[in-house]
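The chain contents come next:
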Amino acid sequence: MFLVNLPLLVFFFIYISLFTVFVSSSVQNYNQTSTGFNDNCIDANAGQSLGVVLVAMALVGIVIEIMIMTLQQKEYFKIRGNVRRNIADWLCYLSGILVGIDHLSTGCTIYGSWAWTVATLAMILCWLNFIAFLHMIPAIGFYVELLKLIFVSYVQFFVLLVMFLLSFSASFHLIFMSHYEFATIRSSFVKALIMMFGEVEYSELIDQGNANLGNSVLVHLLLISFLVLLGLIVMH
């Protein structure tokens, strides 16, 4: 089974590696010494050449997927693990085509454009899909499956963690709203998530909370409750 799928694994690795190099060389250049973005790309000539190869390889990948779909027929859509990977394959190839054509037509992948957004998401999707592909290798297949189990367990735990963080994010926003990190509920949630990993800045928050609220007892109680409860949740 591994030897049968090895050519596909190698092809997909070459494709996403090329996609990564293309994105890094075709995005709009940022000049830190001037006012911001320039009209030229980081490497325009390389970007044009890589764009043609990227689109060609993506088309070949789509042809391969169509051939596999023809051979497997209904099984292509039935096997649970294969369905997710097949969908990810299609999205990776279609993303390469869209980003490549946009670059060839405009001469540069504009920072913040739809193509830039597609490329950003595709980089995550394609490399994660490649990791899932590696389960076919006997030496590391066990660790890939173990990673999947850990991920599924963490997703189930994360649902409860999100509700816990939301409850404190609203309170942090009300008390520390003059601080830019707590200016909105969304930014307050992100800051609470970061605090979960130890970046609390306790003294600064206490000083600011006292200045805003004038009630040090409530500020201390809120922060201590958050840290204690978070510690219990994470440890268990």
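In what follows, the accompanying structure is described.

## Brief notes about the environment of Cys-126
Reasoning step 1: Within the secondary structure layout, Cys-126 lies in helix H5 (residues 114–133).
Reasoning step 2: Of the residues examined, Cys-126 reaches a relative accessible area of 0% and is grouped as buried.
Reasoning step 3: C-alpha of Cys-126 to C-alpha of Ser-17: the two residues are 109 residues apart in sequence and 9.7 Å apart in space.
Reasoning step 4: The residues touching Cys-126, leaving out its near neighbours within four places in the chain, are Phe-12, Ile-16 and Cys-92.

## Describing the packing of aromatic side chains
Reasoning step 1: In this structure the tally under the stated criterion is 14 aromatic pairs.
Reasoning step 2: Note on Phe-13 and Trp-127: the rings are 6.2 Å apart at their centroids and 80° apart in plane angle, and the pair reads as edge-to-face. Taken together, the positions of Phe-13 in helix H1 (residues 2–26) and Trp-127 in helix H5 put the pair 114 residues apart, joining distant regions of the chain.
Reasoning step 3: Note on Trp-127: relative accessible area 31%, which makes it partly exposed.
Reasoning step 4: Site record: aromatic cluster; members linked through ring pairs are Phe-11, Phe-12, Tyr-15, Phe-19 and Tyr-93.

## Section: the side chain of Asn-86
Reasoning step 1: By secondary structure assignment, the location of Asn-86 is in helix H4 (residues 80–106).
Reasoning step 2: Not counting chain neighbours up to four residues away, the residues in contact with Asn-86 comprise Glu-65 and Tyr-76.

How each quantity is defined
Residue positions are given per chain, counting from 1 as you read along its sequence in written order. Confidence filtering applies because this is a predicted model: local features only for residues at pLDDT of at least 70, side-chain atom pairs given and counted only at 80 or more, and all residues used for totals across whole chains, interfaces and linings. With hydrogens and water stripped out, all remaining heavy atoms of the structure feed into the side-chain values. For helices the rule is a DSSP run of H or I covering at least 4 residues; for strands it is a run of E covering at least 2, with both sets numbered from the N terminus onward. Type-normalised accessible area, obtained with a 1.4 Å probe on protein chains alone, sets the label of each residue: buried when under 20%, exposed when over 50%, and partly exposed for intermediate values. In this description, contact between two residues means that some pair of their heavy atoms is separated by no more than 4.5 Å. Think of it this way: a Phe, Tyr or Trp ring, Trp meaning its six-membered ring, pairs with another when their centres are within 6.5 Å, and the plane angle makes it stacked under 30 degrees, edge-to-face over 60, tilted otherwise.

Shape is all these values report; function is a separate question.
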